[in-house]
Amino acid sequence: MSDVDVPVEIADRTVPATVPGCVHTDLLDAGLIPDPYLDDNELSLAWIGRADWRYRTTFRPPAGTHDRIDLVCGGLDTVATVSVNGVEVGRTENMHRGYRFDVRALLRAGDNELTVAFDSVYRYAEAQRDRLGDRPNAYPEPFQFVRKMACNFGWDWGPTLVTAGIWQDIALHAWSTARLATVRPLVALDGRDGRVEVHVEVERVADVPLTVRAAVGGVRAEAVVEAGQRTAVLTLAVREPTLWWPRGYGEQARHLLEVTLHAPEGDSLDTWSRRIGFRSVKLDTTPDEHGTPFALSVNDVPVFVRGVNWIPDDTFPTRITRDRLAERFDQAAAANVNLLRVWGGGRYESENFYDLADERGLLVQQDFLFACAAYPEEEPFGGLGGEVAAEAREQVTRLTPHPSLVLWTGNNENIWGWHDWDWQEALAGRTWGRGYYLDLLPQIVGELDPTRPYWPGSPWSGSETIHPNDPAHGTTHIWDVWNTDDYTKYREYVPRFVAEFGYQAPPAYATLRRALSDEPLAPDSPGMAHHQKAAGGDAKLQRGLDAHLPAPADFDDWHYLTQLNQARAIQLGVEHFRSHRDVCAGTIVWQLNDCWPVTSWSAVDGDGRRKPLWYALRHAYADRLLTLQPRGAGLAGGGGLALVAVNETAEAWTVPATVTRVTLAGEPRAKTSVDLDVPAYSSVTLALPAELARPDESRRELLVAEAGGSAERALWFFAEDRDVEWATAAWDATVEPVDGGQRVRVTARTVLRDLTLFPDRLEPAATVDAALVTLLPGETTTFTVRSDVALDPVPLTTRPVLRAVNDLT
């Protein structure tokens, strides 16, 4: 370790290391540091990222005789010197690449020693910054001066825990004659037939002819790599294969592609296999009367994107198991999500991530790893031989087999930042990343994977002559809502594609109680304050509450209402954008998940618990959606409101529907009936007559739109909850046991606004199947609680476990 202030109980200690892993998790496993996710422990562990660390192990060489024995490092985090038996074999400075070193000549019989020494990534990044000149970024950390997961340095939702370690597999690979260095299958459709171009690169130590064979779907091909050559292309044409589709559009058929390498005598030298999917991807950006669209099609079927942004699911990547990813993917799919955008401040996601996406039919948009900063383009980063090019080539090649990957994006918010975040004067002409996003990366994607579209940034308008965040062109991020404006401002936008928009709320109560020792919990108690990383975040939460909801009397009220307001904000935005699906081709909510327990924009918190936002997303992203929307000019005979029916299925939606204006007591004041006839993948907008759209008593009435059981009903309140003349919430509840839990049946005696059950307040592992249910007097709803522990029916059916907005009155 270096000359940082290392705690005496750790200095000069040797600690068992788990590989893959990192220093933080090893120190935690050894009981030498506290959990960095609890309270403000993060602050006392800042020294770890500024220290040097050394991993050491002994090993025996593989048996037998081999032309080469390579040390293969899947991923080193980050600035490392690798030595075998005291001899340096290589240096690394990029977390996002793998490395291979020929160590055969250094090995001896018996024990051998491997050492991987990690220099402080801060020292490296700060040295690069001093050499190249500082550049602006969103946070006071040097993350753009090292090729490492940027959010390790802290973000407005994440802790500053700067890691070091062997974060991916490390092993010896013994081989002779030749090996498969890369296999890059380019999959396309030719009408109904499938076509696979298998691009193979070999590494050889013998100058002999080699044979490459490939097989998929019962079709085989082979090619000879002549002596002195290193590459081959094999083409396989598969007649009418079963296609791979996104979830909701068809099955996720995958086909085993096998590639083998053979010596002149026919002996097998190396093998490679992956499951591929036959599908086409197109991105329509042809200018039209509304501007520049951003419309994705798969297999020539337009896909309205119902997306969420994805961040690393843990600050420490090796703790993210396949089972944990599968749980997140199941949560996404159950919320009717069809696309995950892998955000550019994290990592190129894992093979487990992409295999699960392929399996479950979740589309993936992968950012190249540049976020919220001006990035230097000089060496060692820029140029065709620089770190960025090397990492991009490796990752594009690695991910070509995955049908779920449908879009590469050059960066997150950096082109926008150059335009709008006062960077240009600070840069004074220095490079900032433009050459990556508009030259280098599209060149690499075009060369290595022309089957997928590339888009230079998120947001990006499609042209340097148009502002990068112009909502009428390409993709847009909407952050005036949350930062400065109320969420009703979403209705002022009719964008072509919304790639980020979000609203904050705290995590689940059980998550807070596990992570914080504050007594009592309060919005501004020390732990709560530390786990709110957004600038002015609590003030923004309060501004949102003041605009819409009754004043909270205590922390329990504040917790429920802030979570409710987050759900309301995103549901309003998604339903508004979907109601304009003839112009807007998709939305990607910020964000699905968290990497630790924190107040953030997530729908699923850092402990994996679903917030009310998750249930709102499930409703707003439903295949068939009824929504009541304000509509002014252009709807003849209307009173300013419209019923919009959105159909994201392959079948026409033909059903009778009603819209009724009722009092809070459930008394009807006006009603209309319509016959909905919504073609596949489209929407219909119907103006509501004035007698429905204009209430007699705005504080005592609402609209209810229903279409039988074909879609959830839609509601429209004429006044904000803070102004509504609520009856104090009253209900009757019963609880009965069911397999795996309990059924809670609630019958409303008064109107109940956004009735929500929080069973984790009684048992941290308990979950519930529904939330945000509004009932009129006499209506009944059922909640199914899943728990291994029987919950006491009395607290289960009373405040603060069972809540409604009007229980505050």
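**So, the layout of surface pockets**
Computed from the structure, the second largest pocket encloses a volume of approximately 1,000 Å³. For the second largest pocket, the lining is made up of 35 residues, of which Arg568, Gln571, Leu715, Arg753 and Asp754 are closest to its centre. Broken down by secondary-structure element, the contributors of at least two residues to the lining of the second largest pocket are α14 (555-579), α15 (612-620), β30 (624-630), β36 (714-717), β39 (752-757) and β41 (773-775). Take the lining of the second largest pocket: its biggest share by element is six residues, from α14. A class-by-class count of the residues in the lining of the second largest pocket yields 18 nonpolar, seven polar and ten charged.

**Things to note about the pattern of salt bridges**
Inspection of every chain in the model, using the stated rule, returns 70 salt bridges. A salt bridge links Asp367 to Arg341; the shortest N-O distance between them is 2.6 Å. Taken together, the positions of Asp367 in strand β24 (residues 363-367) and Arg341 in strand β23 (residues 339-342) put the pair 26 residues apart, joining distant regions of the chain. Here Asp367 and Arg341 have matching classes, each one buried. Among the ionic pairs, Asp754 bridges to Arg753, the shortest N-O distance being 3.8 Å. The exposure class of Arg753 is buried, given its relative accessible area of 11%.

**Examining the nonpolar core**
If you look at the biggest cluster of nonpolar residues, it comprises 199 residues, and the most contacted ones within it are Trp155, Val198, Val259, Phe368, Leu617 and Phe783. In terms of residues, this core owes the most to one element, α14, which gives eleven residues. With sequence-adjacent residues up to four places away left out, Trp155 is seen in contact with Tyr139, Phe143, Ala150, Trp343, Ala371, Cys372 and Lys533. In this structure, Ile33, Cys73, Val82 and Ile166 belong to the second largest nonpolar core, which totals 29 residues.

**Things to note about the packing of helix α13 (residues 537-548) against α14**
Relative orientation and spacing of two packed helices are given, respectively, by the angle between their axes and the distance between those axes. Two elements in contact, α13 and α14, have axes whose closest approach is 10 Å; the angle formed by their N-to-C orientations is 85 degrees. Relative to α14, the element α13 is oriented roughly perpendicular. On α14, the residues that touch Leu541, Gln542, Gly544, Leu545 and His548 of α13 are Trp558, Leu561, Thr562 and Asn565. The class makeup of the residues in the contact of α13 with α14 is four nonpolar, five polar and no charged.

**With respect to unusual backbone geometry**
Following Val19, the chain continues into Pro20 via a peptide bond in cis, with omega recorded as 0 degrees. With respect to the helices and strands, the residue Pro20 is situated in the segment before α1 (23-29). Note that the residue after Arg799, namely Pro800, is joined by a cis bond; omega there is 5 degrees. Inspection of the secondary structure puts Pro800 in the loop between α17 (793-796) and β43 (802-803). In the Ramachandran plot, Asp754 falls in the positive-phi region, its phi being about 55 degrees despite a non-glycine side chain. Mapped onto the secondary structure, Asp754 falls in strand β39. For Asp754, a relative accessible area of 6% gives the class buried.

**A look at α13**
Over its twelve residues, α13 runs 17 Å from end to end, which matches the ideal 16 Å to within 8%, given 1.5 Å per residue. Taken as a whole, α13 has its buried residues at Gly537, Lys540, Leu541, Gly544, Leu545 and His548. Buried residues of α13 fall within an arc of 140 degrees about the axis and therefore sit on the same side. Buried-residue contacts for α13 involve α10 (480-483) and α14.

**Considerations on the environment of Ala539**
Positionally, Ala539 belongs in helix α13. Taking the relative accessible area as the measure of exposure, Ala539 reaches 57% and is therefore exposed. Residues Ala539 and Asn483 lie 56 residues apart in sequence; the distance between their C-alpha atoms is 9.9 Å.

**Comments concerning the sheet that holds β41**
Ordered in space as β41-β39-β43, the three strands form an open sheet in which the pairing is antiparallel. Both edges of this open sheet fall to β41 and β43, since each of them pairs with a single strand only. Pairing of β39 with β43, which is carried by two bridges, proceeds in the antiparallel orientation. From the neighbouring strand, Thr756 faces β43, where its bridge partner is Arg803. Contacting β39 and β43, α14 runs over the sheet at an angle of about 105 degrees to β39.

**Some points on the environment of Pro453**
The topology assignment puts Pro453 in the loop between α9 (434-448) and β26 (454-455). Pro453 gets classed as buried once you look at its relative accessible area, which sits at 15%. Not counting residues up to four positions away in its chain, the partners in contact with Pro453 are Val281, Leu283, Val406, Leu407 and Trp408.

**Brief notes about the environment of Asn336**
Tracing the backbone shows Asn336 in the loop between α4 (322-334) and β23. In sequence terms Asn336 and Val196 are 140 residues apart; their C-alpha atoms lie 31 Å from each other. Residues contacting Asn336, with those up to four places away along its chain left out, are Arg247, Arg306, Arg618, Tyr621 and Ala622. Separated by 2.8 Å, the side chain of Asn336 and the backbone oxygen of Arg618 make a polar contact.

**Some details on the sheet that holds strand β16 (residues 231-238)**
Reading across from one edge, β12-β13-β16 is the order of the three strands in this open sheet, with antiparallel pairing throughout. Edge positions in the sheet fall to β12 (178-190) and β16, since each of these pairs with one other strand and no more. Pairs of neighbouring strands in the sheet enclose a mean axial angle of 20 degrees, with direction left out of account. Direction of pairing for β12 relative to strand β13 (residues 193-204): antiparallel, over a ladder of twelve bridges. Considered in β13, the bridge of Ala178 is made with Arg204.

**Quick look at the packing of aromatic side chains**
As enumerated under the stated definition, the model contains 40 aromatic pairs in all. Centre to centre, the rings of Tyr348 and Phe368 are 6.2 Å apart; their planes meet at 75 degrees, and the pair counts as edge-to-face. Note that Tyr348 is positioned in the loop between β23 and α5 (351-360) and Phe368 in the loop between β24 and α6 (387-399), a separation of 20 residues in sequence. The pair Tyr348 / Phe368 is uniform in exposure class, with both members buried. Look at Phe368 and Tyr454: their rings are 6.3 Å apart centre to centre, the planes differ by 55 degrees, and that puts the pair in the tilted class. Residue Phe368 is found in the loop between β24 and α6, and its partner Tyr454 is found in strand β26; the two are separated by 86 residues along the sequence. Each of the two residues, Phe368 as well as Tyr454, counts as buried. Geometry around Tyr122 places Arg50 over its ring, the cationic atom sitting 3.8 Å from the centre. The ring of Trp175 has Arg179 sitting right over it, with the charged end atom 5.9 Å from the ring centre.

**Some words on the side chain of Gln128**
Positionally, Gln128 belongs in helix α3 (residues 121-132). Residues in contact with Gln128, not counting those within four places in the same chain, are Gly133, Phe145, Pro380 and Phe381.

**Quick word on the side chain of His559**
Position of His559 relative to the elements: it lies in helix α14. At 2.7 Å, the side chain of His559 and the backbone oxygen of Pro507 are in polar contact. Setting aside residues up to four positions removed in sequence, His559 forms contacts with Pro506, Pro507, Ala508, Tyr509, Leu512 and Arg761.

**Overview of the packing of α4 against α5**
The interhelical angle for the contact between α4 and α5, taken along N-to-C directions, is 40 degrees, at an axis separation of 10 Å. By the criterion of interaxial angle, the relationship of α4 to α5 is oblique. Two packed elements cross with a definite hand, and for α4 against α5 that hand is right-handed. Residues Arg322, Leu325, Ala326, Phe329 and Asp330 of α4 lie in contact with α5, whose contacting residues are Asn352, Phe353, Asp355, Leu356, Ala357, Glu359 and Arg360. Grouping the constituent residues of the contact of α4 with α5 by class yields six nonpolar, one polar and five charged.

Definitions and limits used
Residues numbered from 1 in each chain as written. Predicted model: local features only at pLDDT ≥ 70, side-chain atom pairs only at ≥ 80, totals over all residues. Heavy atoms only, no water. 1 Å grid on protein atoms, 1.4 Å probe; cavity = no way out; pocket = protein on both sides within 12 Å on 5 of 7 lines; lining within 4 Å. Points joined across faces, edges and corners; volume = space filled by probe spheres on them. Helix = DSSP H or I, 4+ residues; strand = E, 2+ residues; numbered from the N terminus. Nonpolar A, V, L, I, M, F, W, Y, C, P; charged D, E, K, R; others polar. Salt bridge = Lys/Arg side-chain N within 4 Å of Asp/Glu carboxyl O. Buried < 20%, exposed > 50% of the residue type's maximum accessible area, 1.4 Å probe, protein only. Core = buried A, V, L, I, M, F, W, Y, C linked by side-chain atoms within 4.5 Å. Contact = heavy atoms within 4.5 Å. Axes fitted to C-alpha atoms, helices over the stretch in contact; angles between N-to-C directions. Parallel < 35°, antiparallel > 145°, perpendicular 65-115°, else oblique. Expected span 1.5 Å × (residues − 1). Arc of directions from axis to C-beta. Pairing = 2+ DSSP bridges. Polar contact = N/O pair within 3.5 Å; in protein donor to acceptor, adjacent residues only side chain to side chain. Phe/Tyr/Trp six-rings, centres within 6.5 Å; stacked < 30°, edge-to-face > 60°. Lys NZ or Arg CZ within 6 Å of the ring centre and 35° of its normal. Left-handed = near helix turned anticlockwise from the far one by under 90°.

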